[in-house]
Amino acid sequence: MAANRSRGQRAGLTRQAVLEAALRLVDREGMKALSMRRLGAELGVEAMTLYHHVPHKSALLDGMIELVVAEAVPTRFGAATWRQDLSAYAHALMTALDAHPHAVPLLLSRPALTPRNLRTMEAVIGMLCEAGFPLSRTLDVLYSLTSFVVGHAAAEAGSVDGAGALAELDADTYPLLVGAARMAGEDAGRARFDFALDALLGGFERELGHG
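Each value, and the rule that gives it
Residues numbered from 1 in each chain as written. Predicted model: local features only at pLDDT ≥ 70, side-chain atom pairs only at ≥ 80, totals over all residues. Heavy atoms only, no water. Helix = DSSP H or I, 4+ residues; strand = E, 2+ residues; numbered from the N terminus. Rg over C-alpha atoms; globule rule 2.2 N^0.38 Å. Buried < 20%, exposed > 50% of the residue type's maximum accessible area, 1.4 Å probe, protein only. Contact = heavy atoms within 4.5 Å. Areas by Shrake-Rupley, 256 points an atom, 1.4 Å probe, with all protein chains shown as cover. Lys, Arg positive; Asp, Glu negative; His and termini not counted. Charge placed at Lys NZ, Arg CZ, Asp CG, Glu CD. UniProt positions renumbered as here; feature names shortened; annotations may be inferred. Core = buried A, V, L, I, M, F, W, Y, C linked by side-chain atoms within 4.5 Å. 1 Å grid on protein atoms, 1.4 Å probe; cavity = no way out; pocket = protein on both sides within 12 Å on 5 of 7 lines; lining within 4 Å. Points joined across faces, edges and corners; volume = space filled by probe spheres on them. Nonpolar A, V, L, I, M, F, W, Y, C, P; charged D, E, K, R; others polar. Salt bridge = Lys/Arg side-chain N within 4 Å of Asp/Glu carboxyl O.

Caption draft 1: Structural detail: the overall build of the protein chain. Counting its secondary structure elements, the protein chain contains 12 helices and zero strands. When the helices and strands of the protein chain are listed from N to C terminus, the series reads α-α-α-α-α-α-α-α-α-α-α-α. In terms of overall size, the protein chain is more extended than a compact globule, its C-alpha atoms giving a radius of gyration of 21 Å where 211 residues would be expected to give roughly 17 Å. A principal-axis box enclosing the C-alpha atoms of the protein chain has dimensions of 75 × 45 × 25 Å. When burial is assessed residue by residue, the protein chain has 36% of its 211 residues classed as buried. Pairs at least 24 apart in sequence give 72% of the contacts found in the protein chain among residues at least 6 apart. For the protein chain, the exposed area adds up to about 11900 Å²; of that, 55% sits on carbon and sulfur atoms. If you average the places of the 20 positive and of the 24 negative side-chain charges in the protein chain, the two averages end up 12 Å apart.

Here you go:
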């Protein structure tokens, strides 16, 4: 039997191990450092060996997104109310993206419709349907929530926080802007995330009530 094992199997690699190594590399050095040759060197194998586990680089990138999203997925959707489930998922996804800031552009650039991610989406849609959302609205809810979280993470990863700069403007010329920025405080980004998430979930709740 051993003679029939592929080179990738002989190297002791799995798809999971390849994806985890790729994510570690990107966490450490950014997306520009990622290539099949460099990843192979990280794992101590030839680049061609990796193709036994990921057929091409696009599959590698999709798998990396899958790993990040998996860090945010609860054991089971529907364990609490739909609003609590979505809130917990949004916060967990934000935490995962905070831990992997270099991977955020990936989530903005590709759908990553891997079987694992599709099962997650199916579970969310099932939970929303059981809560009373019409099927036609479930993807709107899911994509709106995900886009909000990823967009906020992208702003934080790029250090795009206008409040700090606004607080330093001339208060005589822009009294309201400066006042609002200074009142926001040092943890404005996370407070703004919580505020916007609550407003988004409140909008979903009103939509459910109108259904």
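Caption draft 2: Broad picture of the UniProt feature "DNA-binding region" (unreviewed entry) in the protein chain. When the UniProt feature table is mapped onto this chain, "DNA-binding region" (unreviewed entry) is found at residues 35-54. Helix makes up 60% of residues 35-54 and strand 0%, and the two end C-alpha atoms of the span are 13 Å apart.

Caption draft 3: Broad picture of the nonpolar core. In this structure, L34, L60, M64, L86, L97 and V149 are the most contacted members of the largest nonpolar core, which totals 53 residues. Breaking this core down by element, the ones donating at least two residues are α2 (15-29), α3 (36-43), α5 (57-70), α6 (82-99), α7 (104-109), α8 (115-131), α9 (135-157) and α12 (188-210). Considering each element in turn, this core owes the most residues, eight residues, to α6. Leave out the neighbours within four places in its chain, and M64 touches L19, A22, L23, V26, M31, L34 and L106.

Caption draft 4: Quick peek at the UniProt feature "domain: HTH tetR-type" (unreviewed entry) in the protein chain. Feature annotation in UniProt assigns "domain: HTH tetR-type" (unreviewed entry) to the following positions: residues 12-72. Helix makes up 67% of residues 12-72 and strand makes up 0%, while its end C-alpha atoms are separated by 28 Å.

Caption draft 5: Structural detail: unusual backbone geometry. Located in the positive-phi region is A112, a residue other than glycine, with phi close to 50 degrees. Its place among the elements puts A112 in the loop between α7 and α8. Judged by relative accessible area, A112 falls into the buried class, the value being 2%.

Caption draft 6: Representation of the layout of surface pockets in the model. One number sums up the size of the largest pocket: a volume of about 370 Å³. Around the largest pocket sit 17 residues that line it, and V69, P111, M121, Y143 and T146 are the ones nearest its centre. Among the elements of the structure, α5, α6, α8 and α9 are those that each provide at least two residues to the lining of the largest pocket. Per element, the largest residue contribution to the lining of the largest pocket is five residues, and it comes from α9. The residue inventory of the lining of the largest pocket, partitioned by class, reads 12 nonpolar, four polar and one charged.

Caption draft 7: Main features of the pattern of salt bridges. Taken as a whole and judged by the stated rule, the model has 12 salt bridges. Of the charged contacts in the structure, one is a salt bridge between R137 and D140, with a shortest N-O distance of 2.8 Å. You can see R137 and its partner D140 sitting in helix α9, three residues apart, about one turn around the helix. Among the residues examined, R137 registers a relative accessible area of 36% and is labelled partly exposed. Residue classification places D140 among the partly exposed residues on the basis of a relative accessible area of 36%. E207 is the partner of R137 in a salt bridge, and the nearest nitrogen-oxygen pair spans 3.2 Å. A residue pair is termed long-range when its members are at least 10 positions apart, and R137 in helix α9 and E207 in helix α12 qualify at 70 residues. Taking relative accessible area as the criterion, E207 reaches 33% and is therefore assigned partly exposed. Taken together, the salt bridges that share partners define one network made up of R28, E29, R38 and E42.

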